[in-house]
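Secondary and tertiary structure notes
The residues making up each chain are set out below.
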Amino acid sequence: MSSGLGIPSVDGALEASISAGLDDVEARLLAAVKTDDAMLSESSRHLAQAGGKRFRPMLTLLASGFGDIDAPKVVPAAVVVELTHVGTLYHDDVMDEAQLRRGAESANARWGNSVAILTGDFLFACASDLLADLGPESVRIQARTFQRLVHGQLHETLGPREDEDAVAHYLSVLSDKTASLIAASTRLGALHAGVDPSQVEVLGQFGERIGMAFQLADDLLDIAGSQRLSGKTPGTDLREGVATLPVLYARRAARPGDERLLSLISGPVVDDADHAEALELLRAHPAMAEASADVRRWADDARAALAALPDLPARAALHALCDTVVTRMS
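Just so we're clear, the structure is a prediction, and the values are computed from it rather than from any experiment. (Residues numbered from 1 in each chain as written. Predicted model: local features only at pLDDT ≥ 70, side-chain atom pairs only at ≥ 80, totals over all residues. Heavy atoms only, no water.)

1. What to know about the overall build of the protein chain
Counting its regular elements, the protein chain contains 16 helices and 2 strands. Structurally, the protein chain occupies a C-alpha span of about 60 × 50 × 40 Å along its principal axes. By residue count, 50% of the 330 residues in the protein chain fall in the buried class. Here the contacts in the protein chain between residues at least 6 apart in sequence split such that 74% fall between residues at least 24 apart. (Helix = DSSP H or I, 4+ residues; strand = E, 2+ residues; numbered from the N terminus. Buried < 20%, exposed > 50% of the residue type's maximum accessible area, 1.4 Å probe, protein only. Contact = heavy atoms within 4.5 Å.)

Below, the structure written as structure tokens:
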């Protein structure tokens, strides 16, 4: 499939439909952000054209495989979720003061925070414009998802309360900030393909769980992966002082001899030598295995949800996706 995730081919007809659908999503994505304003046109296309996995649109299309994958509202729904996702990236980069996004200069670094924020708002407006043609249930799904996205970002910004477990707080943030939109992707795809409401609910549960596995796997790849394989510079979160699950586990279960690691990961690791040392120590720490087990657990839970769905090529593809999310950590 053209998802960039390397999912094994399970059915030629399904694969052809997904590939064609993703091509259509790309074209409609650029058409949706078209505007006569030169500045806004350039800034809104900046990330839309920078690529990405298109993970969410792919899931929208795969979920539609349990009904009519060619139904006219399926691709617009996929465009909605990608516009929403890309819009959040503009805002995230402002919040994180990020300089790079998808290997390119971030919008805030290039044009400033105000332009980046307004561009994100514009993309949300473009998504809303498409939603208006999808019906009230889609609007409701999007509104509730957006509420969770805001909650997730707010709670990430505020950090855990003094009486709150840091790991539980982090997983709650991921659920709202990442998994919610992935769950919306599967719900919208199934809804507009005419899938039975009970199966729409199951696919939403699957999306939530695979969304958690996907993001936690990304956390591990940021530490254990290579730039050659992942296309990302290892240790970006460490440089920015973002405490992802392996770091939280290392802090919680510190062993004798971990003093140097704990000192390094107490905040942003800016110095190159310290950064390399922190990566080396963290890669050898049991916290990595503990976090890997969590990824597998979420992927297993996602796979278990699929048992309630009919045995169709789309289900086999989603099974394969669960395996891919886990194996990409290796």
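2. Comments concerning the packing of helix α8 (residues 166-192) against helix α9 (residues 197-224)
Remark: α8 packs on α9, axes separated minimally by 7 Å, with the N-to-C direction vectors making an angle of 135°. Between α8 and α9, the angle falls in the class oblique. In the packing of α8 onto α9, the handedness of the crossing is right-handed. When grouped by side-chain class, the residues that make up the contact of α8 with α9 number 15 nonpolar, 8 polar and 4 charged. (Axes fitted to C-alpha atoms, helices over the stretch in contact; angles between N-to-C directions. Parallel < 35°, antiparallel > 145°, perpendicular 65-115°, else oblique. Left-handed = near helix turned anticlockwise from the far one by under 90°. Nonpolar A, V, L, I, M, F, W, Y, C, P; charged D, E, K, R; others polar.)

3. Points about the packing of aromatic side chains
Enumeration according to the criterion identifies 2 aromatic pairs in this entry. With a centroid separation of 4.0 Å and an interplanar angle of 10°, the aromatic rings of F55 and F214 are classed as stacked. Taken together, the positions of F55 in helix α3 (residues 55-64) and F214 in helix α9 put the pair 159 residues apart, joining distant regions of the chain. With respect to class, F55 is no different from F214; both count as buried. Taking 4.9 Å as the distance between ring centres and 90° as the angle between the ring planes, the aromatic pair formed by F124 and F146 counts as edge-to-face. Residue F124 is found in helix α6 (residues 113-131), and its partner F146 is found in helix α7 (residues 136-158); the two are separated by 22 residues along the sequence. For F124, a relative accessible area of 12% puts it in the buried group. (Phe/Tyr/Trp six-rings, centres within 6.5 Å; stacked < 30°, edge-to-face > 60°.)

4. Description of the side chain of S180
Structurally, S180 is set in helix α8. Under the relative-accessibility criterion, S180 is labelled buried at 2%. In this structure the side chain of S180 is engaged in a polar contact, spanning 2.5 Å, whose partner is the backbone oxygen of D176. Non-local contacts of S180, meaning those with residues more than four positions away in its chain, are made with T145, R148, L149, S175 and E208. (Polar contact = N/O pair within 3.5 Å; in protein donor to acceptor, adjacent residues only side chain to side chain.)

5. Observations concerning the layout of surface pockets
Over the atoms a probe the size of a water molecule is rolled, and this reveals where empty space is left. What the second largest pocket holds in volume is close to 190 Å³. Lining the second largest pocket are 13 residues, and of these I141, R144, T145, A184 and R187 sit closest to its centre. Mapped onto the lining of the second largest pocket, the elements with two or more residues apiece are α7, α8 and α9. No other element matches α7, which puts 6 residues into the lining of the second largest pocket. Taken together, the residues of the lining of the second largest pocket sort by class into 4 nonpolar, 3 polar and 6 charged. (1 Å grid on protein atoms, 1.4 Å probe; cavity = no way out; pocket = protein on both sides within 12 Å on 5 of 7 lines; lining within 4 Å. Points joined across faces, edges and corners; volume = space filled by probe spheres on them.)

6. What about unusual backbone geometry?
Note on backbone geometry: most residues besides glycine have negative phi, and most peptide bonds are trans. With phi around 55°, R54 is a residue other than glycine that occupies positive phi space. Turning to its location among the elements, R54 is positioned in the loop between α2 (38-48) and α3. By relative accessible area, which is 7% here, R54 ends up buried.

7. With respect to the packing of α9 against helix α15 (residues 286-305)
Helix packing geometry: the angle between the two helix axes and the distance between the axes. Where α9 meets α15, the axes come as close as 8 Å, and the angle between the chain directions of the two elements is 160°. The angle between the axes of α9 and α15 places the two elements in the roughly antiparallel class. By crossing handedness, the relation of α9 to α15 is classed as left-handed. Residues V202, F206, R209, I210, M212, A213, L216, A217, L220, I223 and A224 of α9 pack against M288, A291, S292, V295, W298, A299, D301, A302 and A305 of α15. Partitioning the contact of α9 with α15 into residue classes produces 17 nonpolar, 1 polar and 2 charged.

8. Regarding the environment of A217
Relative to the helices and strands, A217 is located in helix α9. What makes A217 buried here is its relative accessible area of 0%. C-alpha separation for the pair A217 and A107, spaced 110 residues apart in sequence, amounts to 26 Å.

9. Some details on the pattern of salt bridges
Under the counting rule described, the total for this entry stands at 21 salt bridges. Taking the shortest distance from any N to any O, the salt bridge between E26 and R54 comes out at 2.4 Å. One end of the pair, E26, is in helix α1 (residues 12-32); the other, R54, is in the loop between α2 and α3, and 28 residues separate them in sequence. Among the charged side chains, a salt-bridge network with shared partners connects E26, R54 and E82. (Salt bridge = Lys/Arg side-chain N within 4 Å of Asp/Glu carboxyl O.)

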